[in-house]
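What the coordinates show
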2 protein chains.
Amino acid sequence: MLSEFDLIKRYFKRDRPGRAVLGIGDDCALLQPTPGRQLAISSDMLVEGRHFFAGADPRMLGHKALAVNLSDLAAMGARPVAFTLSLALPGADPAWLEGFAQGLFALADAHGCELIGGDTTKGPLNICITVFGELAPGHALRRDAAQAGDDIWISGTLGDARLALAGYLNEIALEPQALEQAGLRMHLPTPRVALGLALGLAPSSAPIAHAALDISDGLTGDLGHILAASGVGATLNVDALPAGPVLARQGRDLRRRFTAAGGDDYELCFTAPAGARAAVIDAGRQSDTQVTRVGTIDAQAGLRLVDADGKPLELGLAGWDHFAAG
Amino acid sequence: MLSEFDLIKRYFKRDRPGRAVLGIGDDCALLQPTPGRQLAISSDMLVEGRHFFAGADPRMLGHKALAVNLSDLAAMGARPVAFTLSLALPGADPAWLEGFAQGLFALADAHGCELIGGDTTKGPLNICITVFGELAPGHALRRDAAQAGDDIWISGTLGDARLALAGYLNEIALEPQALEQAGLRMHLPTPRVALGLALGLAPSSAPIAHAALDISDGLTGDLGHILAASGVGATLNVDALPAGPVLARQGRDLRRRFTAAGGDDYELCFTAPAGARAAVIDAGRQSDTQVTRVGTIDAQAGLRLVDADGKPLELGLAGWDHFAAG
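Parameters at a glance
Residues numbered from 1 in each chain as written. Chains lettered and ligands numbered in written order. Predicted model: local features only at pLDDT ≥ 70, side-chain atom pairs only at ≥ 80, totals over all residues. Axes fitted to C-alpha atoms, helices over the stretch in contact; angles between N-to-C directions. Helix = DSSP H or I, 4+ residues; strand = E, 2+ residues; numbered from the N terminus. Left-handed = near helix turned anticlockwise from the far one by under 90°. Contact = placed C-beta atoms within 7 Å. Nonpolar A, V, L, I, M, F, W, Y, C, P; charged D, E, K, R; others polar. Pairing = 2+ DSSP bridges. Domains from an automatic or database assignment.

What follows is about the packing of helix 6 (residues 193-200) of chain B against helix 9 (residues 277-286) of chain B. Residue and element names in this part refer to chain B. In the contact formed by helix 6 and helix 9, the axes pass within 9 Å of each other and the chain directions differ by 145°. Judged by the sense of rotation from one axis to the other, the crossing of helix 6 with helix 9 is right-handed. Residue-level contacts link Leu195, Ala198 and Leu199 of helix 6 to Ala283, Gly284 and Gln286 of helix 9. Tallied by class, the residues present in the contact of helix 6 with helix 9 amount to 4 nonpolar, 2 polar and no charged.

Accessible area lost on assembly of the parts is the figure often given for the size of an interface. With 45 residues of chain A at the contact, the number on the chain B side is 45 residues. Contributions of two or more residues to the side of chain A that touches chain B are made by strand 1 (29-31), strand 2 (38-47), helix 2 (58-76), strand 3 (79-89), strand 4 (114-122), strand 5 (126-135) and strand 7 (212-215) of chain A. With 9 residues, strand 2 of chain A is the largest single contributor of residues to the side of chain A that touches chain B. When the residues that make up the side of chain A that touches chain B are grouped by side-chain class, the tally is 23 nonpolar, 12 polar and 10 charged. As defined by bridge partners, strand 1 of chain A adjoins strand 2 (residues 38-47) of chain B across 3 bridges and the pair is classed as antiparallel. Looking across to strand 2 of chain B, one finds that A:Leu31 is bridged to B:Leu39.

In this section: the domain arrangement of chain A. Residue and element names in this part refer to chain A. Each domain of chain A was delimited in the assignment, giving domain 1 (4-135) and domain 2 (143-323). Taken over C-alpha atoms, the centre of domain 1 sits 27 Å from the centre of domain 2. Each partner contributes residues to the interface: domain 1 has 18 residues there, and domain 2 has 19 residues. Of all elements in the fold, only helix 2 and strand 3 reach the threshold of two or more residues within the side of domain 1 that touches domain 2. Ranked by the residues each element gives to the side of domain 1 that touches domain 2, the list is headed by helix 2, at 12 residues. Considering only residue class, the side of domain 1 that touches domain 2 consists of 10 nonpolar, 4 polar and 4 charged.

Residues and elements named next belong to chain A. Strand order in this open sheet of 6 strands is 7-9-6-10-8-11, and the pairing throughout is mixed. Each edge of the open sheet carries a strand with a single partner, namely strand 7 and strand 11 (302-306). On average, adjacent strands in this sheet sit at an angle of 25° to one another, irrespective of strand direction. With 5 bridges joining them, strand 8 (residues 233-237) and strand 11 adopt parallel strand pairing. Counted as the bridge partner of Thr235 is Arg304 from strand 11. Contacts between helix 2 and the sheet are confined to strand 7 and strand 9 (267-272), with strand 7 contributing the most and set at about 155° to the helix.

Right under this line is the structure:
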């Protein structure tokens, strides 16, 4: 096995000017914060067999490990700055490391997010990334900021990642091409950084959006965190939820279940006042990101699911739990 | 198993005012950096069976997981501010979690270091902490700042942690009481935060120390990183190395090997100009930390080990590798 120092040097240390005052190679990395900005910090740990299959493509894994962290910055309206990577590896496989680093840095470079430090050790495969972003005070899109009367919006499309999982687990029979297409949504999620920035750092004095989060465990469960933190309820039009292109070709029941409670979507769910509809659509256009209005925040507690006609939907929670990515 | 949210709430979320603008519970934590300060960031991953024995006392593990990170801040001369904790657990064992949280928070509170976020997931036991500190620009104690003519200093004592490992592995027979005493140095390392601050943030315009790092893999190997980064060499008086109280009662060969190349010490090794000797001793007194002068930085490359009489020591590298914590 390569020594820890050889490994870091060969695959993760890059000779290029970066944002950090001091990068990889000392006891700590050093960052000079932008004056007046707040620091947004998030950490995600990915475990083999839990968050990805054993033998997963290392390039896609490198992408996804950073993408889920950038998605947290996006949900806060923060601009990516830097990240640390801690990696437990069963062994130092050069082909794996090269693929992983390629996927990781391609996404990092696309967002100007610099790898500034971390750790490598031997152990069961585990990827832990901590990401740092910046935002202006008062412009964070928090979970506790939803207000009764707000619209509920979703970025992109939902459910294709969950559909791919169902295909891999043989819960559902999918054509190979459809499975491959849906699988890309599971393996290569797109963090909605530009949309988050457009919603948070609006040119007006206040952010366009009130509350926001990223959908990782399924929409209804994650929306529940906004409702609980904000002390409000919601009505969600399940038939308005934008299904991924592969899921859109499936039957209505599956569409409803996998858009409403899929998982691994890494889309933003956010609320904004009804008066901000044009601004939200403009933010979507600016960031080249589809935005869809799917419901309303209510003063009355609880989450009410309705169909296209506004009729209550009878989607039992038991069924949802069964399908929840556990 | 407790849900992730229950677990975080019960064991890791605390109702007390903190430094963070926004702590645990949103997509990101928010920190407001102190104007004019730089941010020092370090991340360490601890894996069961690699960094600690299976079945290790959870309270000591909570202490150690944070201590090794605080030690990195100390080695940079940074003041601890906050940390994130990502935890993969085979199951949610309340007794384990309670012990772990106690050990973790006792040390965190002693250093005013706030837990602001992280992740929990199911998986082989893995503890990943990322720690944040602050320091004044130009006051970081970097590895590349040693200068020919500098003294080499060590905080505290060395080798008792390595001696305990030898005892646990039955490489060496130790009295139960001696093993217990030495074991505490392995399980409960003391991060030298106050000393690092005294050396870095000196009241004078420049730091007292030039280069510094914390000793985790054994002194000679770690000192080698300072030498390589600074483009210098060193002469180390092995008989001047301060042995831990248990190791001090062992024979000379073992003392030499385990002080010079033990591992898991988490003491600081730093260099300072000869003119700063009184200031270093004063920094040690202020921070209630023993400091010992053990060698000299040379212009000539390479690390020269000598005995109390200045004679070259014949400690073969093969023997060192055998004992290095691998």
